[in-house]
Amino acid sequence: MSYLPKLDLIVSETIAPVAQATDRDSAFPRTAIDTLGKAGLLGLVSAKEVGGMGLGLPEAVQVVERIAKVCPSTAMVVCMHYCGTTVLEKLGTESVRKDIAAGRHLTTLAWSETGSRSHFWAPVGTARQDGDFAILNGSKTMVTSAMEADSYVWSTGPMAAEGVSTLWLVDSKAAGLSEPKFFDGLGLRGNRSSPMTATDLRLPTSAMLGVDGGAFDTMIGVVLPVFATLIASCSVGIMDAVLDASCAHVSASKLEHMGSTLADLPTIRAYIARAKIKADMARTLRDDTLAAMATGRADTMLRVMQVKAGTAEAALEVTDIAMRVCGGAAFRKDVGIERFFRDARAASIMAPTSDVLYDFIGKAVCGMPVFG
Ligand SMILES: Cc1cc2nc3c(=O)[nH]c(=O)nc-3n(C[C@H](O)[C@H](O)[C@H](O)COP(=O)(O)OP(=O)(O)OC[C@H]3O[C@@H](n4cnc5c(N)ncnc54)[C@H](O)[C@@H]3O)c2cc1C
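The rules behind each value
- Starting from 1, residues in each chain are numbered consecutively following that chain's sequence as written.
- With the structure being a predicted model, the display of local features is reserved for residues of pLDDT at least 70 and the display and counting of side-chain atom pairs for 80 or more, all residues being used for whole-chain, interface and lining totals.
- Excluding hydrogens and water, the side-chain values take into account all heavy atoms of the structure.
- A run of H or I in DSSP counts as a helix once it spans at least four residues, and a run of E counts as a strand once it spans at least two, with each numbered from the N terminus.
- To get the radius of gyration, use the C-alpha atoms; to get the globule rule, take the number of residues to the power 0.38 and multiply by 2.2 Å.
- Relative accessibility under 20% of the residue-type maximum defines a buried residue, over 50% an exposed one, and the middle range a partly exposed one, all with a 1.4 Å probe and only protein chains included.
- Any pair of residues with heavy atoms lying within 4.5 Å of one another is described as a contacting pair.
- Surface exposure here means Shrake-Rupley accessible area, sampled with a 1.4 Å probe, where a residue is shielded only by the protein chains that are shown.
- Only C-alpha atoms enter the line fits that serve as axes; for helices the fit covers just the stretch in contact. Angles between N-to-C directions range over 0 to 180 degrees.
- Should an angle lie under 35 degrees it is considered roughly parallel, over 145 roughly antiparallel, and from 65 to 115 roughly perpendicular; all remaining angles are considered oblique.
- By convention the crossing between two helices is left-handed if the near helix lies anticlockwise of the far one by an angle smaller than a right angle, and right-handed if it lies clockwise.
- All residues other than Ala, Val, Leu, Ile, Met, Phe, Trp, Tyr, Cys, Pro, Asp, Glu, Lys and Arg, Gly among them, are scored as polar; the first ten of these are nonpolar and the last four charged.
- One heavy atom suffices: a residue is near a molecule or strand as soon as one of its heavy atoms comes within 4 Å of it.
- Polar contacts here mean pairs of N or O atoms no more than 3.5 Å apart (in protein, one a potential hydrogen donor and the other a potential acceptor; neighbouring residues in sequence count only if both atoms are side-chain atoms).
- Here the rule is simple: two strands pair whenever DSSP picks up at least two bridges between them.
- Nine residue types can take part in a nonpolar core, namely buried Ala, Val, Leu, Ile, Met, Phe, Trp, Tyr and Cys, and a core is a set of them joined through side-chain atoms within 4.5 Å.
- One speaks of a salt bridge when a side-chain nitrogen belonging to Lys or Arg is within 4 Å of a carboxyl oxygen belonging to Asp or Glu.
- Only rings of Phe, Tyr and Trp enter the pairing, Trp through its six-membered ring, and a pair is recorded when the two centres are within 6.5 Å. The plane angle decides the type: under 30 degrees is stacked, over 60 is edge-to-face, the rest tilted.
- When the NZ atom of lysine or the CZ atom of arginine is within 6 Å of a ring's centre and also within 35 degrees of its normal, the charge is said to sit over that ring.

Another point: the overall build of the chain. Regarding its fold elements, the chain presents eleven helices and ten strands. Whereas a compact globule of 372 residues would reach a radius of gyration of roughly 21 Å, the chain reaches 21 Å, a difference of no more than 12%. When its C-alpha atoms are laid out on the principal axes, the chain stretches across 80 × 50 × 40 Å. With 372 residues in all, the chain has 56% of them scored as buried. Considering only intrachain contacts with a sequence separation of at least 6, the fraction spanning at least 24 residues in the chain is 72%. Split by element, the accessible area of the chain, about 15,500 Å² in all, is 57% carbon and sulfur.

The next thing to look at is the packing of helix α1 (residues 3-15) against helix α4 (residues 57-68). It is the contact of α1 with α4, at a shortest axis distance of 10 Å, that shows an interaxial angle of 20°. In this view, α1 runs roughly parallel relative to α4, as classed from their interaxial angle. When the axes of α1 and α4 are compared, the crossing they make is right-handed. Where α1 approaches α4, its residues Y3, L4, L7, D8, V11 and I15 are matched on the opposing element by E59, Q62, V63, R66 and I67. Per-class residue counts for the contact of α1 with α4 are seven nonpolar, one polar and three charged.

Surrounding the ligand, one finds 20 residues, the nearest of these being S112, R117, S118, T144 and T353. Separating an oxygen atom of the ligand from a backbone N or O atom of S112 is a distance of 2.8 Å. The protein chains hide 74% of the 970 Å² of surface that the ligand would expose on its own. Elements with a contribution of two residues or more to the shell around the ligand: β1 (107-110), β3 (133-143) and α11 (354-365). Among the elements that line the shell around the ligand, the one with the most residues is β1, at three residues. Residues that form the shell around the ligand fall into these classes: eleven nonpolar, seven polar and two charged.

With that out of the way, let us pick up the sheet that holds strand β2 (residues 126-130). Read from one edge to the other, the open sheet built from four strands follows the order β2-β3-β7-β6, with strand pairing classed as antiparallel. Each edge of the open sheet carries a strand with a single partner, namely β2 and β6 (177-178). Here two bridges tie β6 to strand β7 (residues 194-204), and the two strands are oriented antiparallel to one another. Paired with S178 across the strands is T197, a residue of β7.

This next bit is on the nonpolar core. Residues L41, Y82, L136 and V170 are the most contacted members of the largest nonpolar core, which totals 118 residues. The greatest single-element share of this core, amounting to 18 residues, is contributed by helix α7 (residues 215-252). Not counting residues within four places of it along the chain, the set of residues in contact with V170 comprises L136, D150, S151, Y152, W154, L177, L201 and L203.

Turning our attention to the environment of A161. Tracing the backbone shows A161 in the loop between β4 (151-156) and β5 (166-171). For A161, a relative accessible area of 36% gives the class partly exposed. Distance in space between the C-alpha atoms of A161 and G214 is 8.8 Å, their sequence separation being 53 residues.

What follows concerns the pattern of salt bridges. Under the defined criterion, the tally for this structure stands at 28 salt bridges. The partner of R283 in a salt bridge is E65, with the nearest N and O atoms 2.9 Å apart. Separated by 218 residues along the polypeptide, R283 in helix α8 (residues 266-295) and E65 in helix α4 bring together distant segments of the chain. The class for R283 is partly exposed, based on a relative accessible area of 22%. Given the relative accessible area of 7%, E65 is considered buried. In this structure, D288 and R297 form a salt bridge, with 2.8 Å as the shortest nitrogen-oxygen distance. Residue class for D288 comes out partly exposed when judged on its relative accessible area of 22%. For R297, a relative accessible area of 29% puts it in the partly exposed group.

Contact pair helix α5 (residues 72-91) / helix α6 (residues 94-101): the axes reach a minimum separation of 10 Å and the direction vectors enclose 145°. In this structure, the crossing between α5 and α6 has a hand that is left-handed. Between α5 and α6, the contacting residues are H81, T85, L88 and E89 on the first element and V96, R97 and I100 on the second. Counted by class, the contact of α5 with α6 contains three nonpolar, two polar and two charged residues.

Taking strand neighbours across the sheet as the criterion, the four strands line up as β1-β4-β5-β8 in an open arrangement whose pairing is mixed. Two strands in the sheet have a free side with no partner beyond their single neighbour: β1 and β8 (208-209). In this structure, β4 lies alongside β5, joined through six bridges in antiparallel fashion. Directly across from S155, in β5, lies its bridge partner L167. Docked against the sheet, α5 engages β1, β4, β5 and β8, running at close to 90° with respect to β1.

We now examine the packing of aromatic side chains. All told, the structure shown has three aromatic pairs when counted by the stated rule. Note on F120 and W121: the rings are 5.3 Å apart at their centroids and 80° apart in plane angle, and the pair reads as edge-to-face. For W121, a relative accessible area of 17% translates into the label buried. Ring centres of W121 and F360 lie 5.7 Å apart, and the angle between their planes is 55°; this geometry places the pair in the tilted category. Remark: F360 occurs in helix α11 and W121 occurs in the loop between β1 and β2; sequence separation between them is 239 residues. Both residues of the pair, W121 and F360, belong to the buried class. Above the face of the F133 ring, R202 is positioned so that its terminal group lies 4.3 Å from the ring centre. Lying over the aromatic face of F340, R339 brings its terminal NZ or CZ to 4.8 Å of the ring centre.

Take it as geometry only, folks, not as evidence of what the structure does.
Structure (structure tokens):
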């Protein structure tokens, strides 16, 4: 756990002081990302053989959760970078893997499309072969770190083969890559999530990641467990932050005419209790998901689907309670609750959305094929 003291220092000295401005100005947290890179933390899940820390998901979870407690926008940039890195560690070139490990390359996933919407596993964007090149066209709904990342793990339909999807490593400098419209979001405003378009974007066919038409297994088998657990950790961090802030607020807020505080009201304490139970259940589910993965338990995929939906929905409820118990003060930006309330809204609609997961989980529990 030698990375934790460095991380905590960066969180308190570099990320926390600008978290409010990152949200207010929709400012990409470039200084934080550069600092995390220099500290080796962008290479946390990169193999030691390419210069990375060689750590895994349990450690990445700690990074995302601790950052999310002060700035969920920055945490989501790191979350998507670790997801992209997971693909590139398996299927990328040594050169890009070394750049990521050295902290000089930020990556992300560009999967969700305006055509197939949140059904990210079925892109309608195309890749057409032109000799040794592929010509990509497609329209992505939203990409975290849009126009800020150094590369995009980009999905299209297959170029020539059977199958549902193909992955590509798209360099940020590729001609034909654009952001049609800056996205002025409700929450996670600093993570620079925006639509992106590929228009006749020309890539060498060697930029294909894995085999043509074979991306489904990578998306579901490799990335989904990582993404689900990391975004769950962002939700867990958010819940911790709003619970701390609301407990501090209700304990300090006086009802002078009664000589008591908001925390002396049983109704307020009952709301706080309900929020704490939700938050702790969510954390326990996240930790059990990690345990299932570590031991290869038979229910691992069920846990993966549950953890994303369960923590996202818990974060909606916990941040809602925080807004309620803090009353009018919660509307004030300086109290630091409404930002987490807004940021928490993203997890339930980031693909796979909670409602899609409910359908998948219901199928799994009823013994039906989930992805059939
Ligand atoms: C802050 C933020 C960052 C993002 N970053 C990225 C990123 O880095 N990379 C990326 O690829 N994408 C990213 N996305 C996009 C995201 O993953 C989703 O695609 C998007 O939020 C879903 O939007 P949509 O309008 O296409 O959903 P829609 O598919 O239109 O969904 C609308 C509603 O219909 C429901 N619905 C849809 N299909 C079903 C179904 N089969 N069963 C039941 N209900 C269904 C949904 O649950 C939802 O409630 C990001 C989104 C946000 C908000």
